[in-house]
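Tertiary structure, described
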Amino acid sequence: MTNGVRKAFSCGDSNVTMKQQIITLDVSGNGSRQLDSMFAQELVLKQRSELLHALCSSGSAEHLERVLDILLAHGELIWEEYQNIQVPGRALYTNARQLLDLVYTKGVDTCEVFLYALKQALPEVQVAGITFSGCCESPEENITQSPSTQTLLTHRPSLIRKLQGCIDGALEALTVSGHFTSGDCDEVRIPIYTPSQQARRLLDHVRPKGESAAKVILHYVQQNKETESSLTQEKLPLSKEFLKYQKKLSSSLSAQSHFLSTYGGTSHMPLDDIYTEVQLELGHDCAEAHAPLGLEDIVGTAGTVNVEADTVLVSGEAGSGKSTLLQRLHLLWTRGTALRDFLFLFPFSCRKLNSEHRELSVQELLFQHCCWPDREQEEIFQFMLDHPHLILFTFDGLDELKQSFSDEHRLCCPTQRAPAHILLFNLIQGSLMKGVWKVVTSRPEAVGPLLRKHLRKEVLLKGFSPSEIDCFVKKHHSDPTVAAKILESLQTNTALLGLCHSPVLCWIVSQCHKELLGCEEGKLQTITDIYMMILQHFLQHHCPLKSSVEMGWFQKHLKTVLHLGQLAFDGIGTTCYIFSCTHLETCGVTENDICMGFLVQSKDMSSCHNKHYEFLHVTLQCFFAALYIVLSVDTDRLTILKLFELQDRSETSQSNKCFGACLRTTNQHVRLPGVEATAAEKPNLQITATFVSGLLSQHYRSMWLQCCPQTMMEKKIKQVSKCLSKGMQKHFKSIPQPVAGEKKSMHAMPGFVWLIKCIYEMQDIRIAKGAVTNLEVDHLKLTYCNIGPVECTALAYVLQHLKSPVGLQLDNNTVGDVGVEQLLPCMHICNSLYLRNNNITDRGICKLIVKVIECENFQKIALFNNKLTDACTQHFCHLLKTKQNFLSLRRSKAACRGAEMQSFAAVIRALGK
């Protein structure tokens, strides 16, 4: 325990404020420490339910185990007490309750360390609303001043962090030294454990084996640390110019990263004030898939599938927060709080590389695009070539690169000049500067098998969870009253809450809070609704009308919309996201149009003499392109037909070339001869098609009739409806005939979920019914299809019109509690539901069970690897008692223990009789 000054963290409690005032009067003696500690014990008792929720709400034991690690390290728990809490097979809540009982009984000092441990071990969103009395200082790491077995305890948290990425190497060292047998290794490597749990189990097995075994593992950790960062600034003979360049690079990157830049910097909001963690998971093909990840785990060893590769892919849908995540990593590196093993970090924007027409060497690429050394350029670059493992490159938006990934043009010489995309491809595959770590962001559709074989691992960005939506909205609005009203609106409109799963949509909702709170309840249902809201927000903010609901607001700004729409339309068809002033003039975009706020200057490309512009977000560019397709009389009659034929041409660039034939091309937008379109264009065209569907819904038709001929609008509506119907029928025709004795199954093909979303955006029940009229399958499989709450809403809207019951398999997605609630309207037509690995908690399952009890067809449910606890077992018992025709309930053993398990088993026995 430290004798340093303690700080009180107040969350609005008057007692907390009073205690803070008393403490500040006595900072030199023991009086403040005693008051603070006594207050800590009161907090543990008064906040018991909140503390339990913080420790257990994730459904994982990881948070509880981190707290226990810190308590052991501080000596507040002895080994026997730790073992009494960590009883294998016992419910998580039971373990947490026993810890709270023990902490309170042990007195004020232990309570204070416990609160410190909780604040250190849990994410910010998990401890929101909990009051902390103060923080003690972590013990200094000095593994040579105490017995090795004791060091395993006092430095347990840091040892676990260092070991979880090198479990196999540590086990090998213990085996070679004779301290571990193959049986000991098997006990540690149990597959159900996360890397951190395996590290804890390893330390737990080492400690009883005595001092010599402890010395082996400590020596291994120290040696491994020196190997990983054998060249630190202290050990390297770094020149003054070298250190000066490093500081210049860091300073430049810090300035670029300080303010949120994802949405064009419209609010000039510091990244620290708004950044909210998103859900991160490892790729599906690794053993630790679905394990929770932190930011630094992106460049950690967890999830490695190819140890020879150096490239990490961060994939996520448009608006899922990829660029913001990289920006956060950059900022943390400049502060020295993350990625400390890297001496240099070079950030690249693929949008900017699109505009690079010169041939460059790697050295020119680094120095001209990131930061130029004032002196000794050759010496600095040579150092990088000699020590590539100390360098990190980040490439944001690989899906926006004009060229598809290819490994045909191999380069090995870093001084040889080549087009920027060739350099990028060779860096990714390791032909150039082998050993440099690369982090690349992209939408998943743009990543083919050719690129995947060069990946070290893949990290999936899953957007916001409900608690993260809550955190983001509160950060966005300093006025808690406004934040509370927005969150209340989201809770009453679960379809809108599901849309906010996407960070970009959450930002729009927060930005347009006045429009949100002023609209009718339930009015905002689709993605198109959200983007129409931001369109109205910007247009009326620039030129306000007397009535916010006046229909003339759009007609008044029709020319601006069409000018921006043509710019967006041309850009989407030619993979152009940064526009010169010439581009703007060609499309008739005026200074007044720019002032509306949809376009912002591109920081990467603009200079005082040559301005370049980009849309606030690529999805906003897709939205304006869709507006142009719907409203313009200049678009080719085949534009809509070509736009909706994408699912037929998913593996070629032909769809984009055909769509390009419908564009009013200009000299600035013509694709260079021989340069094939990237597969990345397909996702943006799909988003554009989704917006076209939404804009042609019944809700907006009266608005458009004021702007364009009715006959033209009716023709476009008929075209889209026909395309959606034909697209669905082609999917159904491809379903193979079932093997004799087996059910007829349909595996979702690329484009199926997209078509479903388009149908939902149109909000036309006739189209939804017609879409599934000829679907006759017993089982619909949608595993690994990025199904989140938004997709669940669309699926329920369409599938509820099926004629015959179907089994719905949604394993390995991100359905979550909100998605489960969105699926309820189609439960009457489901006879089975598979929801393995979907981050579902007791809350979502309880609502599901209440619904399916009323559904005659429903007979089977599978829920392995979710975040369920004993608390929902009573609902399963009620389900089995009520539904006599229920056939199968599959739930992981870990989620069904204790007294609830006995009750559950009793019901099953009674049903058997």
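Everything numeric in this text was worked out from a predicted model, so none of it was measured.

Looking at the overall build of the protein
For the protein, the count of helices and strands is 44 helices and 17 strands. Buried residues in the protein amount to 57% of all 913 residues. At a minimum sequence separation of 6, the contacts of the protein that also span at least 24 residues come to 75%. Accessible surface for the protein amounts to roughly 39,100 Å². Of this, 51% is attributable to carbon and sulfur atoms.

Here we look at the packing of helix H18 (residues 362-369) against helix H19 (residues 377-386)
Packing of H18 against H19 leaves a shortest axis separation of 11 Å and a crossing angle of 110°. Here H18 lies roughly perpendicular to H19, going by the angle between them. The chirality of how H18 crosses H19 is right-handed. Contacts from Val362, Gln363, Leu366 and Phe367 of H18 reach H19 at Gln377, Glu378, Ile380, Phe381 and Met384. Across the contact of H18 with H19, the residue classes tally to six nonpolar, two polar and one charged.

Focus: the pairing of strand S7 (residues 437-442)
Burial analysis of S7 places six of its six residues in the buried class, which makes it a mostly covered element. Here S7 shows a buried face lined by Trp437, Val439 and Thr441 and a second buried face lined by Lys438, Val440 and Ser442. As judged from the five bridges shared by strand S2 (residues 311-315) and S7, these two strands associate in the parallel manner. Along S7, the bridge assignment pairs Ser315 with Ser442. As paired elements, strand S5 (residues 391-396) and S7 share four bridges and run parallel to each other. Along S7, the bridge assignment pairs Phe393 with Lys438.

Examining the confidence of the model for the protein
Averaged over all residues, the pLDDT of the protein equals 81, while 82% of them reach at least 70. The low-confidence segment residues 230-234, where pLDDT is below 50, has eleven contacts with residues more than four positions distant or belonging to other chains.

Here we look at the side chain of Ser431
With respect to the helices and strands, Ser431 occurs in the loop between helix H20 (420-429) and S7. Judged by relative accessible area, Ser431 falls into the buried class, the value being 18%. Excluding residues within four positions of it along the chain, Ser431 makes contact with Arg410, Leu411, Cys412 and Asn426.

Focus: the nonpolar core
The biggest cluster of nonpolar side chains holds 226 residues, and the ones touching the most others in it are Phe346, Met384, Tyr531, Phe554, Phe644, Trp704 and Met827. Top contributing element to this core by residue count: helix H32 (residues 618-631), with twelve residues. When residues no more than four places from it in sequence are discounted, the contact partners of Tyr531 are Val504, Leu505, Ile508, Thr619, Leu620, Phe623 and Phe691. Of all hydrophobic cores here, the second largest spans 37 residues; its members include Leu64, Val67, Leu92 and Leu153.

Focus on the sheet that holds strand S11 (residues 612-615)
Overall, antiparallel pairing links the three strands, which are arranged S9-S11-S10 in an open sheet. Every other strand in the sheet has two partners, leaving strand S9 (579-580) and strand S10 (599-601) as the edge strands with one partner each. The strands touched by helix H29 (residues 558-573) within the sheet are S9, S10 and S11, with S11 carrying the most contacts at an inclination of about 90°.

Section: the state of the cysteines
What we call a disulfide is simply a covalent bond connecting the sulfur atoms of a pair of cysteines. One pass over the full model with this rule turns up zero disulfides. No disulfide involves Cys412; its sulfur sits 8.7 Å from that of Cys413, the nearest cysteine.

Some remarks on the packing of H29 against H32
Following both chains from N to C, one finds H29 and H32 inclined at 110°, their axes separated by 7 Å at the closest point. Between H29 and H32, the angle is such that the two are roughly perpendicular. When the axes of H29 and H32 are compared, the crossing they make is left-handed. Residues Leu558, Val561, Leu562, Leu564, Gly565, Gln566, Ala568, Phe569, Gly571 and Ile572 of H29 pack against Gln621, Cys622, Phe624, Ala625, Leu627, Tyr628, Ile629 and Leu631 of H32. Residues of the contact of H29 with H32, tallied by class, amount to 14 nonpolar, four polar and no charged.

What about the environment of His557?
Structurally, His557 can be placed in the loop between helix H28 (552-556) and H29. Using a relative accessible area of 7% as the deciding quantity, one classes His557 as buried. Through-space distance from the C-alpha of His557 to that of Asp593 is 9.3 Å; in sequence the pair is 36 residues apart.

Regarding the environment of Leu390
Within the secondary structure, Leu390 is located in the loop between H19 and S5. Considering only alpha carbons, one finds Leu390 and Gly435, 45 residues apart in sequence, at a separation of 8.6 Å.

Calculation rules
- Numbering of residues starts from 1 in every chain and runs along the sequence as written.
- Where totals are concerned, whole chains, interfaces and linings use all residues; where local detail is concerned, this predicted model gives features only for residues with pLDDT of at least 70, and gives and counts side-chain atom pairs only at 80 or more.
- Side-chain numbers here rest on the full set of heavy atoms in the structure, without hydrogens or water.
- Starting at the N terminus, helices and strands are each numbered in turn, a helix being any DSSP run of H or I of at least four residues and a strand any DSSP run of E of at least two.
- Partly exposed describes any residue whose relative accessible area lies between the buried limit of under 20% and the exposed limit of over 50%, with all areas from a 1.4 Å probe on protein chains only and scaled to the type maximum.
- Pairs of residues are marked as contacts when any of their non-hydrogen atoms sit within 4.5 Å.
- Accessible surface is estimated by sampling points in the Shrake-Rupley manner with a 1.4 Å probe; for residues, cover comes only from the protein chains shown.
- Axes, fitted as lines to C-alpha atoms, cover a helix only where it is in contact. Angles between the N-to-C directions of the axes lie from 0 to 180 degrees.
- Under this scheme an angle from 65 to 115 degrees is roughly perpendicular, one under 35 degrees roughly parallel, and one over 145 degrees roughly antiparallel; angles in between are oblique.
- Note on convention: the crossing is left-handed when the near helix lies turned anticlockwise from the far helix by less than a right angle, right-handed when the turn is clockwise.
- Amino acid classes used here: Ala, Val, Leu, Ile, Met, Phe, Trp, Tyr, Cys and Pro are nonpolar; Asp, Glu, Lys and Arg are charged; the rest, including Gly, are polar.
- Two strands make a pair as long as DSSP finds a minimum of two bridges between them.
- Each residue carries a pLDDT score, the predictor's own confidence in it, on a scale running from 0 to 100.
- Buried residues of nine kinds, namely Ala, Val, Leu, Ile, Met, Phe, Trp, Tyr and Cys, make up a nonpolar core once their side-chain atoms join them within 4.5 Å.
- Our working definition of a disulfide is a cysteine sulfur pair at a distance within 2.5 Å.

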